[in-house]
Structure formats: structure tokens, C-alpha cells
Amino acid sequence: MNACLASFCDLVDEIIIVDTGSTDSTMDICRTFPKVKLYEHPWQNDFSLHRNQSIEYATGDWIFIVDADEIVKMRSPAPGAPPYNAQGFRKWLSSMDQTTLQKNIHSSGVEFHDIQQGRMMMKLNSARLFRKGHIKYEGIVHNQAMVDGRNDGTGVLCPIFLIEHFGYDLTPEQAEAKEQRTAGLLLKRLEENPADWECWFYLTQVYTTRKKLEKAVEAGEKYLPYVGHPYFNYTIFFTMVYNYLELRNLKKAGEWLTLALKHLPRDIDIAFAQVDYGLAAGIHDHVFNGGRRYINLFREYETNPGAKGNNFTFTHNQPSLAAVLYHIGTQQVRDGMEAIFALQDILPKCDKNFMEKIVTDTKEFLSKYGIQLEADIQYESGTKFTTQKAAAQG
């Protein structure tokens, strides 16, 4: 809690905290920050209820939502520009007041990184900044920010800071306890209202995180019929493709991938999943097509971070890019060398001059990449190729 509050206290005028029954030193830590206004409410198994209570206590024109397991981190400005600070944040908010009211925009997204064991596992643009009077949360477990009744508050992206989340960076015992609590609340929701279909999405995620994949795919299949609904969460496709791949069910993985490509043709995670599915199924076209689309989307996200909207992204990172480049490159080399060695049987059936030209051109091409081709040309019985790494050029 101390690290969380310290990371953003200079950015705001007041800090509203609703404590729902902590038994550790949380409240004592909160009282060490002069801007904190602390309120106590009994826990009622409803995250959105308590989130909305904190919003009601806020007095500012803008509301910034931060959880206790998160840290606010200032972004790096453009080269040569002054570092971002509280003054720059307030100046940016003033510009929001001047420009967004005319466009009926009352919220802003903040780039969100999920950190586990020192690595960024996922990121998205999360709606966190809201104009007072336009925000309400819904959902007793995984609460959703509703801006004027719509679940979409990331049309403008804050350039000043990002949020790092550590809520899933847990010991095995903590992770098990969190799963039991969350799954229990979701199953309670379904018991009270069997039509509460969004619970199946969150159960899929909970069971996937804990590697209970049979339960995860069962929940995911129950969620799928609601595809097309305005509140359907399309990240389920990425999760389900990988769950079925891990279960070695290529048929179901392929079915989910086909649906994903239909509904999310420009999703970077689905492009990455297509590569992995292609590798598992031995379908080269999936590797190449998915890889090319992934690379194009990666470049687009780098130049325009707002292009991904408020969707989770799990593979917009350098290791994933490296993996895609490796698989595309090795596949193309493998296919190319197979084609070159297939010439051994074809060339003797061609005109002598044509055959010699193809051999010469092939040698020149491969030498550019450090491969030396030796050709034993036999015009009657066939041509034999051998390759070796060319000597380094000094």
C-alpha cells in the first residue's frame, strides 16, 4: 500500500480510500499520507459497490482509479523534452477540459502492464480517468467501468503515466486462495442468476490461470453462444485456442482459431496464436500468414498505442516478436532449401544452357547468405547438390 500511494500522491488533490475490513497495517499506512481521506465500510462481496462508494466521496472534477496492488509509473517523454511530472499532468487535464467536452468524451485510458515475476505478462489500455458524474462501476467481482452507460472509456490515452499491476504476482498459496475466493463469488452470481452469462468468461480466466484447463474450456464453451453481444469479451478466443493446444486437442483449437480470425482479423494476439497453431498442426500457411499479420500489427501498435483500443494484449512484446521472426525465417529457409534440392531431379530434364544458368544463379544467391553450393552436374544421370557454410569474408 505504501508503494502504491507514494507513486501517485503528488499527482492528485485528495486520495479516497474505502477500507472494507483490513486486519493488517493498511489503515495505519494510509494515515501517513496527508491527502488520504479514509472511510470504513463492511465488506459485502461486491467490488463495484465499494468502488462506487469511493467515487461518491470524491470532490474533484476528475477521478483517477488505482488499486492497492498497482503502482503509477511516469512515462519517458520524447528525447529532449522535460520529464513528466504533476504539473504536466494537470496541464494535460486542462487541455482535456478544453477539447473533449465538445466531443462528449468524459474519460481517458491509461496503459496498464500486468507484472509477474519481474516480467510484463500482458498489457492493455485501461479506462482509469473519469470526469466526475459520468462513471459508475458494475459487476460484483470483475467490475467494469461504465462511462455514461457504455463500457468504453479509452478513446483518449493519457501520455503522462502508466500503471503496473502486481495482483497476480503471488505465491502458490496466495494464488489458490484468490482463485477460491473469485471462483466462489462467480459461482454464487450464477446460482443467484443463471442468465448472468458474463460469469463464464471470468471463470474461464480463473481456471486457466490455475491450469485447471478442463474446467476452463468447459466454462469457455458455455460463454461462446453469446458472441456478438455488445459486452462479449473477445479475448476468450486467445485463451481458448491455447487451452485446447495445451490439452493437445488440435481439432477444437482449430475451430476456435477459425472463429477468432472471423471476428478478430486485426488482433495481434490471434495472429500470434495462428502461428503457434500452425506449428502444432504442421500447417505452414498458418505460420506464414499469422506471422506476417502479427509483424504488421506490432509495427502499427508501436507507432500508434491507441490502435489496440481497450483490449488485452498478451503478445505485444519483444520476445513474442522475436519468436514470430524466428519461425517465419526458419520456415522460409527450410522451404527454400527443399525447393533448391528438388532441382537435382528436375534440371537434367531441361535444356543444358538453362540448367547451367539456374545452377549459377542459385550459387550466387546462396553465397549472399553465407552458403556455398557445390553442384556435380551430370547431364545424363542427374545433378547432385551439396552445401556448406561459406568461409567468412574479411
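Residues numbered from 1 in each chain as written. Predicted model: local features only at pLDDT ≥ 70, side-chain atom pairs only at ≥ 80, totals over all residues. Heavy atoms only, no water.

J.: What is the right way to read the overall build of the chain from this model?
T.: In terms of regular secondary structure, the chain is built from 13 helices and eleven strands. Considered along the principal axes of its C-alpha atoms, the chain spans approximately 90 × 55 × 40 Å. In the chain, buried positions account for 41% of the 394 residues. The long-range fraction of contacts in the chain, counting pairs at least 24 apart against all pairs at least 6 apart in sequence, stands at 60%. Taken as a whole, the chain presents about 21400 Å² of accessible surface, with 52% of it coming from carbon and sulfur. (Helix = DSSP H or I, 4+ residues; strand = E, 2+ residues; numbered from the N terminus. Buried < 20%, exposed > 50% of the residue type's maximum accessible area, 1.4 Å probe, protein only. Contact = heavy atoms within 4.5 Å. Areas by Shrake-Rupley, 256 points an atom, 1.4 Å probe, with all protein chains shown as cover.)

J.: For this particular structure, what's the right way to read the nonpolar core?
T.: Soluble globular proteins tend to pack their nonpolar side chains together in the buried interior. Formed by 32 residues in total, the largest nonpolar core has its most connected members in Leu-203, Tyr-223, Ile-236, Phe-237, Trp-256 and Ile-270. Looking at this core, the elements that each hand over two or more residues are helix H5 (172-192), helix H6 (198-209), helix H7 (213-223), helix H8 (236-246), helix H9 (250-263) and helix H10 (268-281). Not counting the four nearest positions on each side in its chain, Trp-256 is found in contact with Gly-220, Glu-221, Leu-224, Ile-236, Phe-237, Met-240, Val-241 and Tyr-244. (Core = buried A, V, L, I, M, F, W, Y, C linked by side-chain atoms within 4.5 Å.)

J.: Before we go on, may I ask you to explain the packing of H9 against H10 in this structure?
T.: Angle between the axes and distance between the axes are the two parameters that describe a pair of packed helices. Relative orientation of the contacting elements H9 and H10 amounts to 150 degrees, with a least axis distance of 11 Å. The orientation of H9 with respect to H10, classified from their angle, is roughly antiparallel. Crossing geometry of H9 relative to H10 is assigned as left-handed. For the pair H9 and H10, contact is made by Leu-250, Ala-253, Gly-254, Leu-257, Ala-260 and Leu-261 and by Ile-270, Gln-274, Tyr-277, Ala-280 and Ala-281, respectively. When its residues are assigned to classes, the contact of H9 with H10 shows nine nonpolar, two polar and no charged. (Axes fitted to C-alpha atoms, helices over the stretch in contact; angles between N-to-C directions. Parallel < 35°, antiparallel > 145°, perpendicular 65-115°, else oblique. Left-handed = near helix turned anticlockwise from the far one by under 90°. Nonpolar A, V, L, I, M, F, W, Y, C, P; charged D, E, K, R; others polar.)

J.: Which parts of the structure should I look at to understand H5?
T.: Every α-helix carries 3.6 residues per turn, so stepping three or four residues along brings you back to the same face. The end-to-end C-alpha distance of H5 is 30 Å, a good match for the 30 Å that 21 residues give at a rise of 1.5 Å each. Of all the positions in H5, only Ala-175, Glu-179, Thr-182, Ala-183, Leu-185, Leu-186, Arg-189 and Leu-190 are classed as buried. End-on view of H5: buried residues confined to an arc of 155 degrees, all on one side of the axis. Set apart from the buried face of H5 by more than 90 degrees, the exposed residues are Glu-173, Gln-180, Glu-191 and Glu-192. For H5, the elements touching its buried residues are helix H3 (47-57) and H6. (Expected span 1.5 Å × (residues − 1). Arc of directions from axis to C-beta.)

J.: It is not clear to me how the environment of Met-96 should be interpreted in this structure. Could you clarify?
T.: Structurally, Met-96 is set in helix H4 (residues 86-99). Overall, Met-96 belongs to the buried group, its relative accessible area being 3%. In the structure, Met-96 is positioned eleven residues away from Ser-107 in sequence and 9.3 Å away in space, judged by C-alpha atoms.

J.: Quick question: what am I supposed to make of the side chain of Glu-111 here?
T.: Its location among the elements puts Glu-111 in strand S5 (residues 107-116). A relative accessible area of 8% means that Glu-111 is categorised as buried. A polar contact of 2.7 Å, which involves the side chain of Glu-111, links it to the side chain of His-113. For Glu-111, the contacting residues outside a window of four places in its chain are Arg-75, Lys-123, Leu-124, Asn-125, Leu-157, Leu-162 and Ile-163. (Polar contact = N/O pair within 3.5 Å; in protein donor to acceptor, adjacent residues only side chain to side chain.)

J.: I would appreciate a short explanation of the confidence of the model for the chain in the present structure.
T.: In low-pLDDT regions, the fine details of the predicted coordinates are not to be read closely. Of all residues in the chain, 93% have pLDDT values of 70 or greater, and the mean over the chain is 88. Confidence, read as mean pLDDT per element, is least for strand S11 (residues 382-389) in the chain (60) and greatest for H9 (98). (pLDDT = per-residue confidence, 0-100.)

J.: Teacher, can you tell me more about the sheet that holds strand S6 (residues 119-131) here?
T.: Sheet strands pair by backbone hydrogen bonding; their relative direction is either parallel or antiparallel. Pairing within the open sheet is mixed, and its five strands lie in the order S3-S6-S5-S9-S4. The sheet is open, and its two edges are formed by strand S3 (62-64) and strand S4 (70-74), each paired on a single side. For this sheet, the mean angle separating the axes of adjacent strands, direction not counted, is 30 degrees. Sheet topology note: the S5/S6 ladder contains ten bridges and is antiparallel. Note on S6: the bridge partner recorded for His-113 is Lys-123. Across the sheet, H4 is in contact with S3, S5, S6 and strand S9 (161-165); its angle to S6 comes to roughly 55 degrees. (Pairing = 2+ DSSP bridges.)

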